[in-house]
Amino acid sequence: MTDTTREAKPAGQIEKDHALFLLREMLRIRRFEEKAAEMYSLQKIRGFLHLYIGEEATGVGAMQVLSRDDAVVATYREHGHALARGIPPAALMAEMFGKVTGCSHGHGGSMHFFDAYRRFYGGYAIVGGGLPIAVGLALAEKALGKKGIVACFFGDGAVAEGEFHESLNLAALWKLPVLFFCENNLYAMGTALSRHQSQTDISKKTAAYDLASSAVDGMDVLAVEAAAGRAAAFVRGGGGPYLLELRTYRFRAHSMSDPDLYRTREEIAEWKKRDPIALFQARLREWDLLADADLARLEAKIAAEMEDAVNFAEASPLEPPENLLRDVCGAVMP
Amino acid sequence: MTTMTYREAVRAALRKALREDSRVFLMGEDVGQYGGAFAVSHGLLAEFGPQRILDTPLSESAFLGAGIGAALGGLRPIVEIMTINFSLLAMDQILNNAATLRHMSGGQFHVPLVVRMASGGGRQLAAQHSHSLEGWYAHIPGIKALAPATVADAYGMLLAALQEDDPVFIFEHATLYPLEGEADLSAAPADITRAAIRRPGRDVSLITYGGSLGITLQAADALARQGLEAEVIDLRTIRPLDTQTIVQSVAKTHRAVIVDEGWRTGSLAAEISARIMENAFDELDAPVARVCSAEVPMPYARHLEEATLPKAAEIVSAAEGMLAHHG
């Protein structure tokens, strides 16, 4: 079953508070990423930096249908997921600054955010590598009689990996509560989907595993939220795993070191017309749910939050090098 | 003490763990209905049911990764990989996830996962089922690597592995499964921090692990017939290495021969040799010698496989060589 219909909610069906919350969450991600890019150019952040700009509606929409008891597995482009899951931007910024106050004590950096308290099981930087972990987490949920489901985010590049196919088969075979979110941004690093997949409709790939799926416009946060809600209900109801393909686009290059030579300016410009934040703002205005003053207040608050995050990261201490081996194993190995 | 085979000892430990801890389950290819490729888990499906004994598809990466996820989620998985060569299909999960998660998460998560696999040659299974890659695993920070060489250790070290908070890999040399010996099924889990001296001696230290313990003890017998007393060290745990026991032995014998079924280049034997040099250089009366597998993909023909694997005669000759010059 493939559902690509736009979720056009007439005014009145969405509460203003919730609408502003969704907008706020997307804007927080956008401003966080802009700040991260700025800090990268100042060399405060090093290594790889993969920005989520353009994809905000997918992570924000999807995260709305998860509860505290659910688990999240993400990728190396996971800043949006982490923020939408509730990890404070200060902990994320400090992580990228390599500080001990970071969400992974500075051991992981941009690609490896973790938060045990929020059941955020990490950013995985081997494409497809998080899927088997999600399957195992779901196995544990089921075996222990818990009610949680596991949300597993990955990109279109991952569907070329064996681990994608092995994991979908295993999850379907054992009817495990995994909600696979494929964030299809059309590029596996620099390789277009049509250049790496014989079947470019990712939601169709699950038929081989008898695994339920659908696809949704990933630039429309309400559509994502609604489709994710249906998918989550399916999984929570014991129907087994579900794959929701979120069709989106990243506006920035793959990483800060990518010259972006493999797509045209025109293509990027075309997609930017469907900027998920601009689209949502326009709809909210149309529905009379967003006033200029609301937006200005929101932006000011978010700008202050991101400034605080940078200040926190800047002021935070480094982990003492004598702790280098502390978390390799439970006890320091000889 | 009960007399049993190595295979039965592993099974007894599995059964005890499954009985005593409801979080423990066994997962792998043909561990259930088939009874295990090496019949280790024979009968466990009938006793514990399909929720505890899980037959998996031939998806090493997915079920090893699922073991990691299940461990993160609060279970105590035991994953069986049919042979060490197949474990290469799961190496992404092993190295990039199992071994890294504790450190990469700043200590927030840990992976109490036990992985068992058969290793080694000697059964004419040629170049894709016979290798001894334990040394590769011993290279990886974030995991422990065990190579039980006796029936008692097959039992006790598996129980010990299940008490660890981090991933433990157990290498069961496939030629050991029919080996008979004694195990105390009421004993506490084995101490996996120390090597064992299987035979004390004063003239030369023979250092080995896993499937090579048998030929090393044979070599020690042969040397004894010449009046030379070899001390045989069974490493048992190959990561972390018990450097202290090795160094104390070398300080006594002043000579060391390392027996390692892995390929010589970049081997565990090379690591042990380096540690002896670093820690006991002044004690040595002769250069450290190594008896390893020939550097060739394992051939099928019996005479060629025999030519590839370490042999007792090679150990004897290496020991004789250093004793002749420096005795």
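Novice: Even after reading the chapter, I still don't get the overall build of chain B, so can you show me in this structure?
Specialist: Looking only at helices and strands, one finds 12 helices and 14 strands in chain B. In terms of overall dimensions, chain B is globule-like: its C-alpha atoms have a radius of gyration of 20 Å, near the 20 Å expected for 327 residues. With 327 residues in all, chain B has 57% of them scored as buried. A sequence separation of at least 24 residues applies to 78% of the contacts in chain B between residues at least 6 apart.

Novice: Explain the sheet that holds strand β13 (residues 256–263) of chain B to me, please; I cannot follow it from the model alone.
Specialist: Backbone hydrogen bonds hold the strands of a sheet together, and the pairing may be parallel or antiparallel. All names here are of chain B. Strand order in this open sheet of five strands is β9-β11-β10-β13-β14, and the pairing throughout is mixed. Edge strands, defined here as strands with exactly one partner in the open sheet, are β9 (196–199) and β14 (289–293). Taking each pair of neighbouring strands and ignoring which way they run, the sheet shows an average axis angle of 25°. Pairing analysis gives three bridges linking strand β10 (residues 204–208) to β13, with the strands arranged parallel. Within the sheet, the bridge partner assigned to Ile207 lies in β13 and is Ile258. Along the sheet face, helix α10 (residues 268–280) touches β10, β13 and β14 and points at about 155° away from the line of β13.

Novice: Help me out: how do you make sense of the sheet that holds strand β2 (residues 120–124) of chain A in this one?
Specialist: Residue and element names in this part refer to chain A. Taken in spatial order, the six strands of this open sheet run β2-β1-β3-β4-β8-β7, and their pairing is parallel. Single-partner strands in this sheet number two, and they are β2 and β7 (212–217). Sheet twist, expressed as the mean angle between neighbouring strand axes with direction ignored, is 15°. Judged from the six bridges that link them, strand β3 (residues 150–155) and strand β4 (residues 178–184) form a sheet pairing that is parallel. Within β4, the position partnered with Phe153 by the bridge is Phe181.

Novice: What am I meant to see in the confidence of the model for chain A here?
Specialist: Should pLDDT be low for a region, the predicted coordinates there are not to be read in detail. The predicted model of chain A averages 94 in pLDDT, with 95% of residues at 70 or higher. Contacts for the low-pLDDT stretch residues 1–6 of chain A, under 50 throughout, to residues beyond four places or in other chains number 15 contacts.

Novice: Whenever I open this one, the nonpolar core confuses me. Can you help?
Specialist: Inside soluble globular proteins, nonpolar side chains tend to come together where they are buried. All names here are of chain A. Core analysis: the largest hydrophobic core is formed by 208 residues, its most contacted members being Cys152 and Leu179. Broken down by element, the residue count for this core peaks at 10 residues, all from helix α1 (residues 16–41). Leave out the neighbours within four places in its chain, and Leu179 touches Ile149, Val150, Ala151, Cys152, Ala231, Ala232, Val235, Tyr242 and Leu244.

Novice: Would you explain the interface of chain A and chain B in this entry?
Specialist: Bring the parts together and some accessible area is lost; that lost area is often taken as the interface size. Residue-level contacts link 35 residues of chain A with 35 residues of chain B. Those elements giving two or more residues to the side of chain A that touches chain B turn out to be β2, α5 (130–143) and α6 (162–173) of chain A. With 10 residues, α5(A) is the largest single contributor of residues to the side of chain A that touches chain B. The class makeup of the residues in the side of chain A that touches chain B is 19 nonpolar, 12 polar and four charged.

Novice: Looking at this structure, how should I read the environment of A:Ile277?
Specialist: All names here are of chain A. Take Ile277: it is sitting in helix α10 (residues 276–286). A residue is classified by how many C-beta atoms lie within 10 Å of it, and Ile277, with 20 of them, is buried. Note: C-alpha distance between Ile277 and Gly86 (191 residues apart in sequence) is 19 Å. Apart from residues lying up to four places away in sequence, Ile277 is in contact with Met26, Leu27, Arg30 and Glu56.

Novice: Can you walk me through the confidence of the model for chain B in this structure?
Specialist: Averaged over chain B, the pLDDT score is 97; the fraction of residues at 70 or greater is 99%. Here the prediction assigns the complex a pTM of 0.96, and the interface score ipTM is 0.95.

The rules behind each value
- Residues numbered from 1 in each chain as written.
- Chains lettered and ligands numbered in written order.
- Predicted model: local features only at pLDDT ≥ 70, side-chain atom pairs only at ≥ 80, totals over all residues.
- Helix = DSSP H or I, 4+ residues; strand = E, 2+ residues; numbered from the N terminus.
- Rg over C-alpha atoms; globule rule 2.2 N^0.38 Å.
- Buried ≥ 20, exposed ≤ 12 C-beta atoms within 10 Å, placed from the backbone.
- Contact = placed C-beta atoms within 7 Å.
- Pairing = 2+ DSSP bridges.
- Axes fitted to C-alpha atoms, helices over the stretch in contact; angles between N-to-C directions.
- pLDDT = per-residue confidence, 0-100.
- Core = buried A, V, L, I, M, F, W, Y, C linked by C-beta atoms within 7 Å.
- Nonpolar A, V, L, I, M, F, W, Y, C, P; charged D, E, K, R; others polar.

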